Amino acid sequence: MPVLEVVGGPGRLSRESFAELWHFREVLWAFVVRQVKVRYKQAVVGIGWAIIQPVLAALVFALFLFRYSSVPSEGVPALLFTLAGMTGWTYFSSATALASESLVTNQALLRKIYFPREVLPLSGALAGVLDLLLALGVLVVVTFAYGIGPALSWVALPLPLLLLVVAAAAFGNGLSAINVYYRDVRYALPFVLQLGLFVSPIAYPLSVVPSSWRTIYAILNPVAAATDSLRRIVVHGHWPDFPVLLASIGWSLFLLLCSYAFFKRLERGFSDRV
Amino acid sequence: MTDAVVFENVSKRFRGGQAYRALRDDIVGALGRVVGLKRGSEQVVRALDDVSFSIPEGQSFALLGPNGAGKTTALKVASRITYPTSGRVRVRGRVGALIEVGTGMHPELTGRENVDLYGRILGLSRRDVRSRFDEIVEFADIGGALEQPVKQFSSGMQLRLGFALAAHLEPDVLLVDEAIAVGDAGFQYRCVERMRELVQEGRTLVFVSHNMSAIESLCERGVLLDHGRITADGPARDVVRDYLRQVEASLVEEDAARSVTGGGLAIVDVTLHDESGGRVEEAAPGRPLTVRLHFRASSPIDEPIFEVGLNDGRIGPFALASMLIDGQAPRSISGEGYVDCTFADLPLLPRVYELWGGVRHGAGFGDLVDWQRLRFFRVAGEVDGGGPAAVSHSLSNAPVRLPYRWGFGGGVSN
């Protein structure tokens, strides 16, 4: 018979945390499915939002930036260039926001039932994946429309997608825990994300960054590495810059681990403080 | 014998004050400390204060105590909804918990999805959950609402589903709080029956309730909590008796020495006397009791009509001595004196009663002293009887003792 220990004091990340998360995988899945359903059931345009958001933003950027300024677009049509950028960014920003609100939104649940709490932010990060795939579908359609065909390099697509999910989970996890204690997160996050849009190569190419900084910048900013890889793969039909991409995935996994440990430390206070 | 639930030096403190902090408050606080300003005294509430006890497997166990004693917190700690500040709790096996209405349920999920979710959280396989599904739905009696989100359920339906989930998914330890008191009588009966069944199957029950009869008849052992500390631990019946005594004592104490005044007349004291006239603090059951009302009249009053009533806590007196009925009002009173009212052979069960009184004006029956509670008094003695709820039932039900016996006719096996 399993023995459950409830010990006082701050929690910590251990091997049991992972075993427990695995044990609760179906609960995690139930929350993911639930969030996806709720999001589209309550919206009139429904699943269309997954497409409208990145497309409109990409159109605006394409119009203003490339018509009226001299930002280079790597020699591809401006709309295609910005759409490739917005595909990843839309997922990252909305998944991070959803995950960081997840504990506060589900506070009734925190006070009524036990489950490892990281299930909530993780499900927030995962629930956006469907949107990401839909937006990617649109990107592919637009790419075809410009007469650019598929290339062998497309088999590398899962890597930048994985990078985006890991990065969103890392940020969402940590922010959701802080949000329980400081609701300032709710107000600061949209602002910070807005800045993020401009410090990431969404509306400009990575080559704009000075070459001496480029590699380290692309590794440390996972959105930069993911966006650049997405562009290379889909728009140019090239292989991504594997060393940078893999290094950035490694860095994001490290961030995820840190934010998970941070989360576990605070977890025990959630139901009292939320 | 192995223990199902063990509390080891468990403390739980809550910080009072605001529910959540803004960053600004912490920055101000930190600056204050640096500069040496005194921090505002933070209110710390000790919900549990170094609590230790263990519950052997298969025991039915009750937590008793006044509101705010820490009973619910103890259950929440045992079900990992909240964590202790220090100490350690060990629970063996699956825990089913019904702590508040809606415990264990996701408001956005449908009834059916919640059954699955809860089963998964308890670690049951999908097949196990399916096999219990009909039983749960039948017990919860939610029929057609099964496919609706739980937030659209009435609180009664949520409660029924919550209990059905906690009590039917094979819990090794079942934690039940007050919650069932919200349900209608039929549902409460079924809950108690289900808990009894689980106890007979050898499951462990931890029961929190203000319903002393339910505790007495359902639980073997009880622990009394007060301000987060254990003040009694023993057979449930004894702890129930202790607790009720304690409640009575605090009632009597709170009531000490009050005098009531009306228009020109004051009842300055109410004393009790036995048949020999000696002053007593407790009445002896089955013996005469004299209630003496000491009055002070500022001017002579003609034909004051005294009334004395006995009350057991429910509305209205169950016994009344009134000069309005017997017509024995004195011609007049003045200055200081007393009026005696003697009840012959008090046929009351041992517990605390309220003594009410009032004085009316002879002409027109206007109130000189309003009808009100004058004091508490105890009828001494111990409850005897071997029934399943002898203590709590006799302390909360009909107060008058009439001699009676049971007889049986055909169709009764005895």
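Residues numbered from 1 in each chain as written. Chains lettered and ligands numbered in written order. Predicted model: local features only at pLDDT ≥ 70, side-chain atom pairs only at ≥ 80, totals over all residues.

Novice: Explain the overall build of chain B to me, and be specific about the residues and the numbers.
Specialist: Helix and strand content of chain B: ten helices and 19 strands. Here chain B, with 414 residues, has 36% of them falling under the buried criterion. (Helix = DSSP H or I, 4+ residues; strand = E, 2+ residues; numbered from the N terminus. Buried ≥ 20, exposed ≤ 12 C-beta atoms within 10 Å, placed from the backbone.)

Novice: Run through the pairing of strand S4 (residues 86-92) of chain B, naming residues and quoting values.
Specialist: Burial of S4 of chain B is one-sided: the residues Gly 87, Val 89 and Val 91 of chain B facing one way are buried, the residues Ser 86, Arg 88, Arg 90 and Arg 92 of chain B facing the other way are not. As paired elements, strand S1 (residues 3-7) of chain A and S4 of chain B share five bridges and run antiparallel to each other. Bridge pairing in S4 of chain B places Val 6 of chain A opposite Val 89 of chain B. The pairing of strand S1 (residues 3-15) of chain B with S4 of chain B spans five bridges and is classified as antiparallel. Looking at S4 of chain B, one finds that Val 6 of chain B is bridged to Arg 90 of chain B. (Pairing = 2+ DSSP bridges.)

Novice: Before we move on, can you summarise the nonpolar core with the specific residues and values?
Specialist: One finds Ala 168 of chain A together with Ala 78, Leu 175, Val 206, Phe 207 and Ile 215 of chain B to be the most contacted residues of the largest nonpolar core, which totals 149 residues. When neighbours within four sequence positions are excluded, Val 206 of chain B is seen to be in contact with Val 5, Ile 55, Phe 61, Leu 63, Leu 75, Ala 78, Val 173 and Leu 175 of chain B. Listed in part, the 22 residues of the second largest apolar core include Val 291, Leu 293, Ile 333 and Leu 355 of chain B. (Core = buried A, V, L, I, M, F, W, Y, C linked by C-beta atoms within 7 Å. Contact = placed C-beta atoms within 7 Å.)

Novice: So what's going on with the domain arrangement of chain B? Which residues, and what values?
Specialist: Per the domain assignment, the segments making up chain B are domain 1 (3-20 + 36-251) and domain 2 (257-379). When each unit is reduced to the centre of its C-alpha atoms, the spacing between domain 1 of chain B and domain 2 of chain B is 46 Å. (Domains from an automatic or database assignment.)

Novice: So what's going on with the sheet that holds S1 of chain A? Which residues, and what values?
Specialist: Spatially, four strands are ordered S1(A)-S4(B)-S1(B)-S2(B) in an open sheet, and the strand pairing comes out antiparallel. Of all strands in the sheet, those bounded by a partner on one side alone are S1 of chain A together with strand S2 (44-56) of chain B. Here the average twist between neighbouring strands, direction ignored, is 15°. (Axes fitted to C-alpha atoms, helices over the stretch in contact; angles between N-to-C directions.)

Novice: Give me the lowdown on helix H3 (residues 49-68) of chain A, citing residues and values where you can.
Specialist: Residues and elements named next belong to chain A. Here H3 is 20 residues long and its end C-alpha atoms lie 28 Å apart, about the 28 Å a rise of 1.5 Å per residue gives. Looking at H3, one finds that the buried residues are Ala 50, Pro 54, Val 55, Ala 58, Phe 61 and Ala 62. Seen along its axis, H3 keeps its buried residues to an arc of 135°; they face one direction. In H3, the exposed residues that point more than 90 degrees away from the buried face are Ile 52, Leu 56, Arg 67 and Tyr 68. Where H3 is buried, its residues contact helix H4 (78-105) and helix H7 (129-145). (Expected span 1.5 Å × (residues − 1). Arc of directions from axis to C-beta.)

Novice: Describe the sheet that holds strand S13 (residues 282-283) of chain B, with residues and values.
Specialist: Two orientations exist for strands paired in a sheet by backbone hydrogen bonds: parallel and antiparallel. Residues and elements named next belong to chain B. If you walk across this open sheet you meet the five strands as S13-S19-S18-S15-S16, and the pairing is mixed. Of all strands in the sheet, those bounded by a partner on one side alone are S13 and strand S16 (319-322). Judged from the four bridges that link them, strand S15 (residues 305-311) and S16 form a sheet pairing that is antiparallel. Within S16, the position partnered with Val 308 by the bridge is Ala 321.

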